[in-house]
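Fold and geometry: a report
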Amino acid sequence: CAVKAAHVLSEIAKNEDMKKPCIEADLVLALIPLLESTDQEMLLHAGRAIGRICYDNRGLQEELVKVGVIPSLVRILTDYAETEPLVHVALLALYNLADLDSAKEALSMTKVAEQLVKQLRRAESHERLEIVFEVLQALAENDTLKVQLVDAGVPEVLSEILLRLHGSSQAEDTCIVKAASDLIVSLLLGGKRGILQVRCIKNQHPKVSLAEEHENSRGKDSLHSEFASFTYLIVFLTSLTCLVLPLSSDGNCLRMFQLGVVHQLLDLLEKHVQSGDTSVQQAALSALQSLAVPVVSKVQMLEEGVAERIEALLRAESPPVQFKLLGTLRTLADGQADAAEILGQDPQLLNRLVQWCSVSDHSGICGEANRLLASILHHNRSQEVVKAIQAAQGVKHLVSMTTSEHAAMQNEALNALAIASAIDLETLEESFKESQLIQSLHKLLRDDNTSPEVKYNSMGLLCRLLNSGDLRQEIEEDKIKDTLEQLCSHSNADVVKEAITTLQVLRGET
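Everything numeric in this text was worked out from a predicted model, so none of it was measured.

Quick look at the pattern of salt bridges now. Close approach of charged atoms allows side chains of opposite charge to pair. This model, assessed by the stated rule, comprises 14 salt bridges. Arg128 is the partner of Glu84 in a salt bridge, and the nearest nitrogen-oxygen pair spans 3.0 Å. Taken together, the residues Glu84 in helix α7 (residues 84–97) and Arg128 in helix α10 (residues 126–139) connect sequence positions 44 residues apart. Among the salt bridges present, the one from Lys104 reaches Glu141, with a minimum N-O distance of 3.6 Å. Of this pair, Lys104 sits in helix α8 (residues 101–107) while Glu141 sits in the loop between α10 and α11 (143–152), placing them 37 residues apart in sequence. Taking the relative accessible area as the measure of exposure, Lys104 reaches 3% and is therefore buried. Three or more residues are tied together by salt bridges with common partners; here these are Glu82, Glu84, Arg122 and Arg128.

What follows is the structure, given as structure tokens:
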């Protein structure tokens, strides 16, 4: 009787006009317990009825999650993984719920990742692959689920699918490749760095070089060639990123250089900048940024001219790619005077950085451009770089950065300006006056909301500025001495110590 009732409801719910009466009669809540049944026919009809009634009703979908529908759906996928009608119902339900944050949280407490991998492996139709991809893409927005997806082997299966379709020019295959590559990019570009370090793709790496593949594709149908190259690159990116992670593995990074894969990657990256394929660009830059973390890799990249090749990608007009590019260059410059000197004497790069520092409609790019500029000055030891940044009018942006709402960025700017002042204060003097650096520093020191570290670094910069007669006069006229004396009774010991030191320099006692 209950099976028949569920069947009737599932048929009634096909009619749009009948959904509201079903909701008002609280039939959905009455159907939920039926999902715990072991009767497959009952599960099928109850699942269809719930899905149809709740379709496109966010409030009701939230209610479903609250009453515990997620574990029931995962159980169906687990217990009836080979039963097509039930799998279809469960996947459709997950597809409709996966965008909800509450559903993601509930799913993170289950083994859904393992079940979705099983369904990816056994999917025979494009339609089935597409719906699983949609669910996975939604879940990949959650960091916890992202880790679980990688742990369960999603990258491996995606690579298998891409390699299987490699060489095909069918429109349906193109759609699958696009969906799979988008999912790989989502995994590569997640919120937590090194998200793929928990897995390493085995026995799936390309058997020929990217350059060879590109050569082999010439002369073929244009669409086929582009599609093949795109598929190949995505598989390569997946394999590369899994190999170079964890980031602490210097040996893996060096092995990548020895195999020549970095320059092969840059070859195709440059090609895709011209074609405007932003997904590939972002994924490739993410892999390069991972490679640039170990010190041994930075040295290797500099020797092989990788920095110059990355700079050539500045012509990209995609904000996400520009953001990733800036992050990659900053990673390369971090702790490397040679890299900072190379980057800091490139007029094209500096001019573009200064432009990005003023991009108001892309705060991420603006912030990252300022941070790269600060990093170049911080790690540089050359007067020529200081002069080049001054000539590009980049100093005023670093002065503005000292008043950022983010303490980390304030400290980066203060430290960079202090080091630059130690190298060549004379070159910077006029810019400091014009941008009212002294007044900005005084404001930071007076403000009770300024963090102790920012106060400390502000005084460190002041000590450098006191080496200039004109700037010393400004400091004295702005009565910073009074503020420093007040800071001598600050609650933070480091601030007190630096205030005493700065007062001594100001009074000429050291």
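Below, the discussion takes up unusual backbone geometry. Residue Asp26 is not a glycine yet carries a positive backbone phi of 55°. With respect to the helices and strands, Asp26 occurs in the loop between α2 (16–24) and α3 (27–31). The class of Asp26 is partly exposed, set by a relative accessible area of 49%. Positive phi, normally seen in glycine, also occurs at Gln436, with a value near 55°.

Okay, the UniProt feature "repeat: ARM" (unreviewed entry) in the chain next. In the numbering adopted here, UniProt assigns the feature "repeat: ARM" (unreviewed entry) to residues 68–107. Here residues 68–107 is 80% helix and 0% strand, with 11 Å between the C-alpha atoms at its ends.

Time to look at a negative patch on the surface. Together, Asp99, Glu127, Glu130, Glu134 and Glu172 make up a region of like negative charge exposed at the surface. Per element, the largest residue contribution to the negative patch is 3 residues, and it comes from α10. The class for Glu172 is partly exposed, based on a relative accessible area of 47%.

Within the largest apolar cluster, 77 residues are counted, with the highest numbers of intra-cluster contacts made by Leu288, Leu353, Trp356, Phe432 and Leu465. Among the elements that make up this core, the one with the highest residue count is helix α27 (residues 407–434) (10 residues). In contact with Phe432, not counting residues within four places along its chain, are Val395, Val399, Leu417, Ser421, Leu425, Leu437, Leu465 and Leu471.

Turning our eyes to something else, we now look at the environment of Pro21. The topology assignment puts Pro21 in helix α2. Each C-alpha atom of the pair Pro21 and Ile53 lies 9.8 Å from the other, and the pair is 32 residues apart in sequence.

This brings us to the packing of helix α24 (residues 363–379) against α27. At a minimum axis separation of 8 Å, α24 and α27 run at an interaxial angle of 35°. Considering only the axes of α24 and α27, their crossing is left-handed. Residues Gly367, Asn370, Arg371, Ala374, Leu377 and His378 of α24 lie in contact with α27, whose contacting residues are Met409, Glu412, Ala413, Asn415, Ala416, Ile419 and Ala420. Residue composition of the contact of α24 with α27, grouped by class: 7 nonpolar, 4 polar and 2 charged.

When we look at burial in α11, the residues that qualify are Leu145, Lys146, Leu149 and Val150. Buried residues along α11 cover an arc of 140° about the axis, so they all sit on one side. The N-capping residue of α11, defined by a side-chain oxygen 2.9 Å from the backbone nitrogen of Thr144, is Asn142. Among the residues trailing α11, Gly153 stands out with phi positive, at a value near 100°.

Moving on: α10. When the terminal C-alpha atoms of α10 are compared, their 20 Å separation across 14 residues agrees well with the 20 Å that a helix rising 1.5 Å per residue should span. Listing the buried residues of α10 in full gives Arg128, Leu129, Ile131, Val132, Phe133, Val135, Leu136, Ala138 and Leu139.

Here Gly47 is to be found in helix α4 (residues 40–54). If sequence neighbours within four positions are ignored, Gly47 has contacts with Leu35 and Val89.

With that out of the way, let us pick up the packing of helix α21 (residues 319–333) against helix α23 (residues 347–356). Direction vectors running N to C along α21 and α23 enclose 125°, while the axes themselves pass 13 Å from each other. In terms of orientation, α21 lies oblique with respect to α23. α23 is crossed by α21, and the crossing has left-handed handedness. Here Gln322, Leu325, Leu326 and Leu329 of α21 lie close against α23, whose contacting residues are Leu349, Arg352, Leu353 and Trp356.

This brings us to the side chain of Gln410. Relative to the helices and strands, Gln410 is located in helix α27. Each residue touching Gln410, except ones within four places of it in the same chain, is listed here: Met401, Thr402, Thr403, Ser404, Leu444 and Val454.

With that settled, the discussion passes to the environment of Leu34. Turning to its location among the elements, Leu34 is positioned in the loop between α3 and α4. Counting along the chain gives 12 residues from Leu34 to Ala46, while the straight-line C-alpha distance between them is 6.5 Å. In contact with Leu34, not counting residues within four places along its chain, are Ala6, Met42, Leu43 and Ala46.

Parameters at a glance
Residues numbered from 1 in each chain as written. Predicted model: local features only at pLDDT ≥ 70, side-chain atom pairs only at ≥ 80, totals over all residues. Heavy atoms only, no water. Salt bridge = Lys/Arg side-chain N within 4 Å of Asp/Glu carboxyl O. Helix = DSSP H or I, 4+ residues; strand = E, 2+ residues; numbered from the N terminus. Buried < 20%, exposed > 50% of the residue type's maximum accessible area, 1.4 Å probe, protein only. UniProt positions renumbered as here; feature names shortened; annotations may be inferred. Patch = residues over 30% accessible without salt bridge, like charges linked within 9 Å, V, L, I, M, F, W, Y side chains within 5 Å. Areas by Shrake-Rupley, 256 points an atom, 1.4 Å probe, with all protein chains shown as cover. Lys, Arg positive; Asp, Glu negative; His and termini not counted. Charge placed at Lys NZ, Arg CZ, Asp CG, Glu CD. Core = buried A, V, L, I, M, F, W, Y, C linked by side-chain atoms within 4.5 Å. Contact = heavy atoms within 4.5 Å. Axes fitted to C-alpha atoms, helices over the stretch in contact; angles between N-to-C directions. Left-handed = near helix turned anticlockwise from the far one by under 90°. Nonpolar A, V, L, I, M, F, W, Y, C, P; charged D, E, K, R; others polar. Arc of directions from axis to C-beta. Polar contact = N/O pair within 3.5 Å; in protein donor to acceptor, adjacent residues only side chain to side chain. Expected span 1.5 Å × (residues − 1). Parallel < 35°, antiparallel > 145°, perpendicular 65-115°, else oblique.

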